[in-house]
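So you can see what is in the structure, the chains are spelled out below.
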Amino acid sequence: MSEARRQVEELRERFLAAVQAAADSESLERVRVEALGRRGRVTELAKGVGRLPPEQRREVGQAVNALKRELEAAIRARREVLAREALERRLREERLDVTLPPRERPEGRLHPVSHVLDEIVAIFADMGFAVAEGPDVEDDFHNFTALNIPPAHPARQMQDTFFLETTDAQGEPYLLRTHTSPVQIRTMEAGRPPFRIIAPGRVYRRDYDMTHTPMFHQVEGLLIDRRTHMGHLKGCLVDFVRAFFERDDIPVRFRPSYFPFTEPSAEMDVGCRRSQGQLVVGAGDDWLEVLGCGMVHPKVLEMVGLDPDVWQGFAFGLGVDRFAMLKYGIPDLRTFFEADLRWLRHYGFLPLDVPTTFAGLSR
Ligand code: DAH
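Residues numbered from 1 in each chain as written. Predicted model: local features only at pLDDT ≥ 70, side-chain atom pairs only at ≥ 80, totals over all residues. Heavy atoms only, no water.

(A) Representation of the overall build of the chain. Of regular secondary structure, the chain possesses 12 helices and 11 strands. Its C-alpha atoms give the chain a radius of gyration of 40 Å, clearly above 21 Å, the size a compact globule of 363 residues would have. By its C-alpha atoms, the chain is 130 × 50 × 50 Å across when sized along the principal axes. Looking at the chain as a whole, 44% of its 363 residues are labelled buried. Sequence-distant contacts in the chain: of pairs separated by 6 or more residues, those separated by 24 or more amount to 66%. Within the structure as shown, the chain displays about 20700 Å² of accessible surface, and the carbon and sulfur contribution to it stands at 51%. (Helix = DSSP H or I, 4+ residues; strand = E, 2+ residues; numbered from the N terminus. Rg over C-alpha atoms; globule rule 2.2 N^0.38 Å. Buried < 20%, exposed > 50% of the residue type's maximum accessible area, 1.4 Å probe, protein only. Contact = heavy atoms within 4.5 Å. Areas by Shrake-Rupley, 256 points an atom, 1.4 Å probe, with all protein chains shown as cover.)

As structure tokens, this is what we get:
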């Protein structure tokens, strides 16, 4: 056997053994480069074939080619074996124990009032309203006088007020605000028009039955600009109730009404029907009052130093708890504040279900 043939034979044994010994794909790759790479031993041998005496070239050339093919096949086979072993190892190591009990769903629930407040804020935020806040303990001026409810005005008796024992600089007792309307006054006192705000918050009245509790929630709305008119008010509120009840076909009507702080004033009704003791919002033969609204009274604007000939706007006030009862079919308002966990589990919302107008409000 020629020297060249012996070399071929040597490399063959050496590299086939190395391929079998490679324990992972990196070492296998190193063996491949050492044998078949551009400067590999077998490659170099093939390059040398042309320099052999003519009678050896053919035989050695064929032997080298055969060796290349054999090595390539051996490497391919080894690579598959290694890949399968690696997969098996991963499957073994990353095994899931499907007999483990599932993780419990989070227990906490958001109160429907919190959720409905988030829904309302999301809808008005989309229309460009900012959120404003005011104190629960108010003075007489902001809760009444500045809203065109002077002392001895009959509207003061419409809202049975909780008074505190302490009095303000005018000698008037502080009180728990009976509505969120004072936030209108505070907003206009503190800033410059135009205004576009909603003010959610707690309000207090001496009342207690199926639909009244001494504390409940309102959202006030106020928009003041130079050319605001009743059409804007209607468009805004119709859009709001349709977005809130997630139905475009809700019948809506505005009825003339009276509030001291708006002129003209209106109440907004939505169509509804009563079936099997349940109240369903939507088309029907009945109407349900859902909010009060109107064009801000010129006297209110004057009270905060705005010229009513330049600035006009609309305002509205709605009961959050009532909207929650209507949308989610909760019959008794008093249960909202009983802190009964079973009730909360039933009517509450998962805290991660954040309402948005694009992903859905109630989900
Ligand atoms: N403050 C009124 C109430 O508590 C609700 C209300 C009615 C607010 C009309 C407004 C409005 O801003 O324009 O009964």
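Having put the structure on the table, let's press on.
(B) Examining the sheet that holds strand β3 (residues 163–167) more closely. A sheet is described by the order of its strands in space; here 3 strands give the open sequence β2-β4-β3, paired in antiparallel fashion. This sheet does not close on itself; its edge strands, each paired only once, are β2 (137–138) and β3. Inspection of the sheet shows β3 paired to strand β4 (residues 173–176) by 2 bridges, in the antiparallel sense. Along β4, the bridge assignment pairs Thr 167 with Pro 173. (Pairing = 2+ DSSP bridges.)

(C) Looking closely at the pattern of salt bridges. Taken as a whole, this structure holds 20 salt bridges when the rule is applied. The partner of Glu 119 in a salt bridge is Lys 327, with the nearest N and O atoms 2.6 Å apart. Within this pair, whereas Glu 119 is found in helix α5 (residues 112–126), its partner Lys 327 is found in helix α11 (residues 320–328), the two being separated by 208 residues in sequence. On the basis of relative accessibility, which here comes to 0%, the residue Glu 119 falls in the buried class. By relative accessible area, Lys 327 is classed as buried at 17%. Where Asp 139 meets Arg 186, a salt bridge forms, and the shortest distance between an N and an O atom there is 4.0 Å. Note that Asp 139 is positioned in the loop between β2 and α6 (140–143) and Arg 186 in helix α8 (residues 182–190), a separation of 47 residues in sequence. Each of Arg 253, Arg 255, Glu 267 and Asp 269 takes part in a single network of salt bridges with overlapping partners. (Salt bridge = Lys/Arg side-chain N within 4 Å of Asp/Glu carboxyl O.)

(D) Representation of helix α4 (residues 54–93) within the structure. Taking 1.5 Å per residue, 40 residues should reach 58 Å; α4 reaches 58 Å between its end C-alpha atoms and fits that length. Restricting attention to buried positions, one finds in α4 the residues Val 60, Gly 61, Ala 63, Val 64, Leu 67, Leu 71, Ala 74, Ile 75, Arg 78 and Leu 82. (Expected span 1.5 Å × (residues − 1).)

(E) Summary view of the site of the ligand. The full set close to the ligand counts 16 residues, and His 179, Ser 181, Arg 205, Gln 218 and Glu 220 are the nearest of them. Gln 184 has a polar side-chain atom sitting 3.0 Å from an oxygen atom of the ligand. Within the backbone of Phe 316, a nitrogen or oxygen atom sits 3.3 Å from an oxygen atom of the ligand. Within the complex, 91% of the 350 Å² of free accessible area of the ligand lies under protein. When residues of the shell around the ligand are traced back to their parent elements, those giving at least two are β6 (215–225), β10 (286–296) and β11 (312–319). In terms of residue class, the shell around the ligand is built from 5 nonpolar, 9 polar and 2 charged. (Near = heavy atom within 4 Å. Polar contact = N/O pair within 3.5 Å; in protein donor to acceptor, adjacent residues only side chain to side chain. Nonpolar A, V, L, I, M, F, W, Y, C, P; charged D, E, K, R; others polar.)

(F) The environment of Val 137, seen in detail. Relative to the helices and strands, Val 137 is located in strand β2. Overall, the relative accessible area of 39% leaves Val 137 in the partly exposed class. Residues Val 137 and Val 203, 66 residues apart in the sequence, show an inter-C-alpha distance of 9.5 Å. Sequence-distant contacts of Val 137, defined by excluding residues within four places in its chain, comprise Leu 164, Tyr 174, Leu 175 and Leu 176.

(G) Spotlight on unusual backbone geometry. A cis amide bond, omega 0 degrees, links Pro 193 with the succeeding residue Pro 194. Here Pro 194 is to be found in the loop between α8 and β5 (195–204). Pro 264 follows Glu 263 through a cis peptide bond whose omega is -5 degrees. Tracing the backbone shows Pro 264 in strand β8 (residues 262–275).

(H) Examining the nonpolar core more closely. Core analysis: the biggest nonpolar cluster contains 42 residues, and Ile 120, Phe 240, Val 290, Leu 291, Phe 316, Leu 318 and Phe 323 have the highest contact counts within it. Counting only elements with at least two residues in this core, the list comes to α5, β6, α9 (230–245), β8, β10, β11, α11 and α12 (341–347). The element contributing the most residues to this core is α9, with 7 residues. The contact partners of Phe 323, leaving out residues within four places of it in the chain, are Val 116, Phe 240, Val 241, Phe 244, Phe 245, Val 290, Leu 291 and Leu 318. (Core = buried A, V, L, I, M, F, W, Y, C linked by side-chain atoms within 4.5 Å.)

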